Amino acid sequence: MKSRIDWTAYGFVAPALLILALAHAYPILKLCVLSVQETDVLRGTAHWCGLANFSGLLADEHLWTSVRNTLVYSLGVVPGILLVSLALAFACQPFAARWQRFMRAALYLPGVVSVVVTAMVWTRVYDPQFGLLNRTLAWLGVNGPTWLGDPRWALSAIVIMSIFTALGTPFILFLTAINGVPKEYYEASEIDGAGPGRTFLAVTLPLIRPTLLYLLIILTIGSFQVFSAVYVMTEGGPNYATFTAVYMVYEEAFRYFDFGRASALSVILMAALALLALAQFRWLSSEVEY
Amino acid sequence: MKRQFVVPTLVGFCLVAISCSRTTTDDSRTEILFWSRPWWGDPPQYQDPSQPGIPALEWQAQRIAEVERAHPHIKVRREIDPGADKLRLAFASHTAPDVFFVGVDNEVMRFAEMGFIEPIDSFLTDADRADIWPSTLDIGRLGIRHYLWPLYNHALVILINEALCEERGVVGLLPKEDQDWDVATFLKVARALTFDRDGDGRNDVYGVGLYALGEAYPVQMTYLANFGARLFDEERGFVFHSPQTAEGLRFLRQLSAPGSVAVPGASGYRVMDMADLFFAQRVGMMLGTAGLTEYGKTQFQTGRAKPFRCRLAPVPVASLDRPSVSYLTVGAVAVSRQADPARCAAAMELARYLTSPEVNRWFWSKWASPRRSTPLPADPNLRTMMKLAARSENFLLPPVALDPRYDLPRQLDLFFQRIFSSDVPIETALAEFEAKFRERALRGVEGWPL
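Residues numbered from 1 in each chain as written. Chains lettered and ligands numbered in written order. Predicted model: local features only at pLDDT ≥ 70, side-chain atom pairs only at ≥ 80, totals over all residues. Heavy atoms only, no water.

Regarding its fold elements, chain B presents 18 helices and 12 strands. Considered along the principal axes of its C-alpha atoms, chain B spans approximately 80 × 60 × 55 Å. By residue count, 56% of the 450 residues in chain B fall in the buried class. Of the roughly 19200 Å² that chain B leaves accessible, carbon and sulfur atoms contribute 55%. (Helix = DSSP H or I, 4+ residues; strand = E, 2+ residues; numbered from the N terminus. Buried < 20%, exposed > 50% of the residue type's maximum accessible area, 1.4 Å probe, protein only. Areas by Shrake-Rupley, 256 points an atom, 1.4 Å probe, with all protein chains shown as cover.)

The structure is reproduced here in structure tokens:
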């Protein structure tokens, strides 16, 4: 029997789909078109150039610098945020609800502040002579580096700042996930003689895996898009030490007005992120049954 | 039911479309979009000090009304421009204002190079050419064309904490007004100003503040220029890789070496970071624009810094047989590319008026006039700065337009960051910079070698 389509349901979904199409699908399509065009911003013209933008990019040494820096940043930030927020959530879990609420607010608040403001504050924190960090290190007898002025440290400085300012959401999600694990499992684990470490690895971690997967994907995507902190704190320097992929997109588009190359780089970035997310999803996703 | 939904939606779309479209005037006047800045007309600078000041925006409205009265065919629509990135986006999206303020150090010459800005030569009168300092006009030159109406110029100078020099017993070594001094004396003063004030075994006051982040290349180039180094030479083209540059770079490295007289980490500092350290009396001397003294006054007035006596001096020279040379940071007004000649003329009328002596009379009487006809200010520091402005030089100007994909300011910033933050041999850094310049900057460039 032929089923009748209920157009009313589609009608309800249509406005959301329209907004999604305008806000996401159209820019992505336009991006793909621009990536195979040579654009002249001044005259407002664009013509087909095949894969010239991609080949030009691949031959550009700065692309590889930006890719390396982005990967290093991502490898620092994603595990850093996951580990610190998970550790904090795990440590907070035994506390009473009102302390958990306090911790949630305390860790979430820095995330509410604009990255630009946070980055400006951290620039002062990193001041080699008069900043809070090096002053504290000096008090401990350690001679701190010239964080943002030293190519060996500049990226690490941005990684550290990013970890400490992005703990809020992962902490809340981890805490909620940990609180959601049924108490019986912990009791059973205790009866079986498992210690805290074993309980965490055998009970907590597998049961919060969906949260871990979600955060891993979201944080990875976010880390590949790092821009504001770099723009405010180092402008990609010193000597390209913090030159990341999205910062390169910005430079190509708004410094050189080469929207073709900027779009080509964005397409590469988008494809890389899609593949990475897919790989993470396949690797980590599995049904969790309580 | 359907009509109830569709009609309001269509009305809404129409309203949005109307509000987003460019407004047109109902009269026949040519409407000029002018991006103003909030500081233009700021009472302490622009208004007659003997009269009660009015808010800057009100002052701006009065000046615009004057333009409209003097040129009945022009109607000016004013918008307040928050800064450089908005202009960049406006050019990229073909929504650039007709007339706008620019600091010449914010990529404006690249916009000119790309054809986004109208040349002003056919609108400059002989009187203008005779009155505006050649170096000031030169800052906005590309090839044989000029692109900017100069509004003010600040020569790069050495800002000195005179009170600190007195405390350390070296005030006698400082130059009087625009009298030249050499790098050896400068270094002697810098060493005296580097000390441990709180006795914790670490220096907490430094003689010199160096910074290399955020378009700081003119600062480093000014130090180098006083060693005789230049980027370009009208006869030989690119001459940056020279013994003079190498000597200047060695001097900068000497200042910034660990344990030396400069605050460590120059590559991580911007000009305003260093200005904050200077006015907090953590740094005794820095090279910057004379305009920073105004910033200092604000810091003092708001209680963010304790007041102290500040002196301006020329940039030190490698040897006293060569006069000190400075670089101008010019603020200007520009006109974006216009398709219609009548509109272009109207926009130029507005730009000329904004930068004219009649509007800037009070501003220039106290501060940074780009014109010879303005008498020197009474304040000794500003007089020093104006004297240096008169003998400044645009040593960053390429003799021909370079490949637009080669961003010389950015490359220079990165070069100096490399000098400050690594131990790459100076000769190697210079050779690599030259090789990249020749490979990238001159791609498709006509008229080179000169």
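There is more to say, and it comes next.
A few words now on the state of the cysteines. The tally for this structure, following the rule as stated, stands at 0 disulfides over all chains. Cysteine A:Cys32 shares no disulfide, and the gap to the nearest cysteine sulfur, in A:Cys49, comes to 14 Å. Look at A:Cys32 and you get partly exposed, because its relative accessible area is 34%. The thiol of B:Cys310 is unpaired, and the distance to the nearest cysteine sulfur, on B:Cys165, comes to 10 Å. By relative accessible area, which is 16% here, B:Cys310 ends up buried. (Disulfide = S-S within 2.5 Å.)

What follows deals with the interface of chain B and chain A. With 43 residues of chain B at the interface, the matching set in chain A holds 40 residues. Carbon and sulfur atoms supply 48% of the area buried between chain B and chain A, which totals about 3500 Å² over both sides. When the area that chain B buries against chain A is broken down by residue, the three leading residues are B:Arg202, B:Arg405 and B:Arg410, summing to 20%. In this structure, the connection of chain B to chain A is made through 8 salt bridges. Residue A:Arg124 pairs with B:Asp273 through a salt bridge whose shortest N-O separation is 3.6 Å. Across the chain B-chain A interface, the total number found is 12 residue pairs in polar contact (both at pLDDT 80 or more). At the level of secondary structure, the elements contributing two or more residues to the side of chain B that touches chain A comprise helix 4 (84–92), helix 5 (108–113), helix 12 (271–279), helix 17 (408–421) and helix 18 (426–441) of chain B. It is helix 17 of chain B that contributes the most residues to the side of chain B that touches chain A, 6 residues altogether. Considering only residue class, the side of chain B that touches chain A consists of 14 nonpolar, 10 polar and 19 charged. (Contact = heavy atoms within 4.5 Å. Buried area = accessible area lost by both parts, 1.4 Å probe. Salt bridge = Lys/Arg side-chain N within 4 Å of Asp/Glu carboxyl O. Polar contact = N/O pair within 3.5 Å; in protein donor to acceptor, adjacent residues only side chain to side chain. Nonpolar A, V, L, I, M, F, W, Y, C, P; charged D, E, K, R; others polar.)

We now examine empty space enclosed by the protein. All names here are of chain B. For the structure on display, the rule yields 2 cavities of 30 Å³ or more. Of the volumes computed, that of the largest cavity is approximately 410 Å³. Lining the largest cavity are 26 residues, and of these Met109, Tyr217, Leu396, Pro398 and Pro409 lie nearest its centre. Residue composition of the lining of the largest cavity, grouped by class: 17 nonpolar, 3 polar and 6 charged. What lines the second largest cavity is Val104, Thr136, Leu137, Ile139, Gly140, Leu148, Pro150 and Val330. The element that contributes the greatest number of residues to the lining of the second largest cavity is helix 7 (residues 134–139), accounting for 3 residues. Partitioning the lining of the second largest cavity into residue classes produces 6 nonpolar, 2 polar and no charged. (1 Å grid on protein atoms, 1.4 Å probe; cavity = no way out; pocket = protein on both sides within 12 Å on 5 of 7 lines; lining within 4 Å. Points joined across faces, edges and corners; volume = space filled by probe spheres on them.)

With that out of the way, let us pick up the confidence of the model for chain B. Residues and elements named next belong to chain B. Confidence in the prediction of chain B, expressed as mean pLDDT, is 87, and 92% of residues score 70 or more. Confidence scores differ between elements of chain B, with helix 1 (residues 2–20) showing the lowest mean pLDDT of 57 and helix 9 (residues 183–193) the highest of 97. Interface confidence for the predicted complex, expressed as ipTM, amounts to 0.75; the pTM equals 0.80. (pLDDT = per-residue confidence, 0-100.)

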